[in-house]
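# Report on the structure
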Amino acid sequence: ALATNWTYHFPSFDLTYIGGDQSFDYELNFTSATDSGVTSYQLQGATTPLQIGTCAFFLGVGAVPGCEQPLTINPTPNLTYFAEKDMFFSHEIDVTSTGDSPLQYLAGIYWYHEHYNQPVDAGVEPNQPQMASPYYFAFAGGVCSGGALLCPAPANPSHAFSTSNTVLTYDDYAAFGQLSYKFNDQWKISGAVRYTDDHKAGDQSWRFVAFDSVLGSSILGANTPAIDLTTVAVGANAAQASPGTGLAILNPATGAYLRSLSATWSAWTGEADVDWTPNPTTLAYFRYARGYKSGGFSTYTIGANPETQPEYVDSFEVGAKKTVGSTFTLNGAAFYYNYYNDQVPLTVQSAAGQLIPVLYNIPLVHTYGVELEGVWRPIDPLTLSLNYAYLSATIANPGGCIEDTTDPLAIQPGANTTGCTQNPLTPNVLVQNVKGQSVPEAPRNKISFNALYTFTFDPGKLTFSGSVIWKDLTWDDVFNRPYTRQGPYTLVNLRATWADANKRYNVILFCNNLFDAIGYDGATGTLLLPAQVGTPEDIATGYGLTAPRTFGIELEYRFQ
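The next thing to look at is helix H1 (residues 49-59). Residues Gln-51, Cys-55 and Phe-58 constitute the buried set of H1. The buried side chains of H1 occupy one side of the element, clustering within an arc of 75 degrees when seen end-on. Across H1 from its buried face, at more than 90 degrees, point the exposed residues Pro-49, Leu-50 and Phe-57. Looking one or two residues beyond H1, the residue adopting positive phi is Gly-60, at roughly 95 degrees.

So this is what it looks like as structure tokens:
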């Protein structure tokens, strides 16, 4: 990573260039969240005349002895390989007024460029040899030589049931300007406007292979192959382009479908602010802002309509800052936000039965809250601060009913099907109404306390700080259910910083999560067996935990 800032001082304004460049190669190989501990087992092969006849129909009479033999299943390890190869840079040029005029200005242009490659292999079963050499049905993939109904498909070297890759280039261009005018010592107004143009283009590929779920062991026994279902899973999505995508085309060498991605979004945004300073120790303000986040693509599979629409927000904020004497400062703010097309993570079920993550647009989310901060300096080297935040972020308009793939029968506590029209053809799936649910990662309350003490010496300064952070419970999904609940937790962090007198370098020692407390940054439910009407759902809950007690040292050096 590289970051740089260059400023040239003209008589009445500054010309500034801000640039940055970063690249990384991140790879992760992890096991399934659920594991019975069984390393292998066998399933009985064909025994009845119908099963033996079906074996002969698909594989020929000579394959019958193998079909009568048991099939060995090696379920572990079941791995997911995730990689992200990312490179991005940014350039910004600003012109900022520096004179003493009551009218001040700032104007600039900005360019952000990113290119990333994100291959994912899910359901990797290295101990199941059939996964390396799948077959496909002749009537799904064409006529096979010799008239066989099961034909060899391209090799599957990853042993994965889902192999995907997304290569995308992202360019963001913007121009912006801001003006402020100070009428007198009490009143000041400011306004800003920005135009943003975003373009994302690239391609995605996907392959889907199933084992022992299409033609099971009771028919083919030890001859049971892995079946390449990519063409079936992609289905109509290969024959038609959806917004932001091209046609999906099969690569006969890899067995994967490939399609192009391209979309452009743009928006005008801005803000207006009024500041009132009745005296040197008091500031009150009102601020309105219009925000925007670009759209994108959900590309785990080649599904219909993968484009995520851009998100907008109208924010209103009123606040005040007050200094009491020379030692105490109190800050407070109240805010109200309207989010349109709020982008939230959601798990959906594909046509092939896979559970896939997407970014889902919620038409309207209301968010409001307050933030309070008190800072006290009883003596010069000691600073104490206390912060409290209250947040309510709920879905006002869900835009329709959606399925909770962990609770397809809608029988878990909190499930709500009011106003939802159910499909009589899918009795094991009941869509739900999420109006009034909290959006993910929105704690209702949060409190933090920090103490900082600085010792000053001729060579530099030594600062000790400690903080206590309490975070209220949050939900990991728009379905606020027991299996998405992240309980409240408290963290204690310590830090010691040595800064030399010339401000050239810092040496930092830190200990995060001093008492090794358990905190949560994720909670998900997994439906272990297909849901059946009249049968309780079997759900396992998995938690993502914050980092344990962590010690470290950092060195910062400034070239100046």
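Pairs may arise between side chains of opposite charge once their charged atoms sit close together. With the rule as written, the count across this model stands at 9 salt bridges. One salt bridge connects Asp-25 with Lys-85, and the closest N-O pair in it is separated by 3.3 Å. Residue Asp-25 is found in strand S2 (residues 13-31), and its partner Lys-85 is found in strand S5 (residues 79-97); the two are separated by 60 residues along the sequence. Classification of Lys-85 as partly exposed rests on a relative accessible area of 29%. In this structure, the salt-bridge partner of Glu-556 is Arg-558, at a minimum N-O distance of 3.9 Å. For Glu-556, a relative accessible area of 31% corresponds to the partly exposed category. A relative accessible area of 34% places Arg-558 in the partly exposed class. Residues joined by salt bridges that share partners form a network here, namely Asp-25, Glu-27 and Lys-85.

Moving on, we get to the environment of Glu-114. With respect to the helices, strands and loops of the structure, Glu-114 is situated in strand S6 (residues 103-124). Glu-114 sits in the buried class, given a relative accessible area of 13%. Taking C-alpha positions, Glu-114 is 32 Å from Pro-548, a pair spaced 434 residues apart along the chain. Contact partners of Glu-114, with chain neighbours within four places excluded, come to Asp-86, Met-87, Phe-88, Leu-168, Thr-169 and Tyr-170. At 3.0 Å, the side chain of Glu-114 and the side chain of Tyr-112 are in polar contact.

What follows is about the layout of surface pockets. Of the volumes computed, that of the second largest pocket is approximately 500 Å³. In this structure, the second largest pocket is lined by 31 residues; those nearest its centre are Ala-304, Asn-305, Val-348, Ile-356 and Val-358. Elements with a contribution of two residues or more to the lining of the second largest pocket: helix H5 (230-234), strand S16 (307-308), strand S18 (328-349) and strand S19 (355-379). Here the lining of the second largest pocket gets 6 residues from one element, more than from any other, and that element is S19. Across the lining of the second largest pocket, the residue classes tally to 17 nonpolar, 12 polar and 2 charged.

Core analysis: the biggest nonpolar cluster contains 20 residues, and Leu-150, Trp-206, Leu-220, Val-234, Ala-248, Tyr-257 and Ile-302 have the highest contact counts within it. Mapped onto this core, the elements with two or more residues apiece are H1, helix H2 (64-68), strand S10 (187-211), helix H4 (217-220) and H5. Per-element tally for this core: the top contributor is S10, with 3 residues. In terms of nonpolar packing, the next biggest core, distinct from the first, is built from 17 residues, Ala-122, Ile-356, Val-365 and Val-439 among them.

Criteria and thresholds
Residues numbered from 1 in each chain as written. Predicted model: local features only at pLDDT ≥ 70, side-chain atom pairs only at ≥ 80, totals over all residues. Heavy atoms only, no water. Buried < 20%, exposed > 50% of the residue type's maximum accessible area, 1.4 Å probe, protein only. Helix = DSSP H or I, 4+ residues; strand = E, 2+ residues; numbered from the N terminus. Arc of directions from axis to C-beta. Salt bridge = Lys/Arg side-chain N within 4 Å of Asp/Glu carboxyl O. Contact = heavy atoms within 4.5 Å. Polar contact = N/O pair within 3.5 Å; in protein donor to acceptor, adjacent residues only side chain to side chain. 1 Å grid on protein atoms, 1.4 Å probe; cavity = no way out; pocket = protein on both sides within 12 Å on 5 of 7 lines; lining within 4 Å. Points joined across faces, edges and corners; volume = space filled by probe spheres on them. Nonpolar A, V, L, I, M, F, W, Y, C, P; charged D, E, K, R; others polar. Core = buried A, V, L, I, M, F, W, Y, C linked by side-chain atoms within 4.5 Å.

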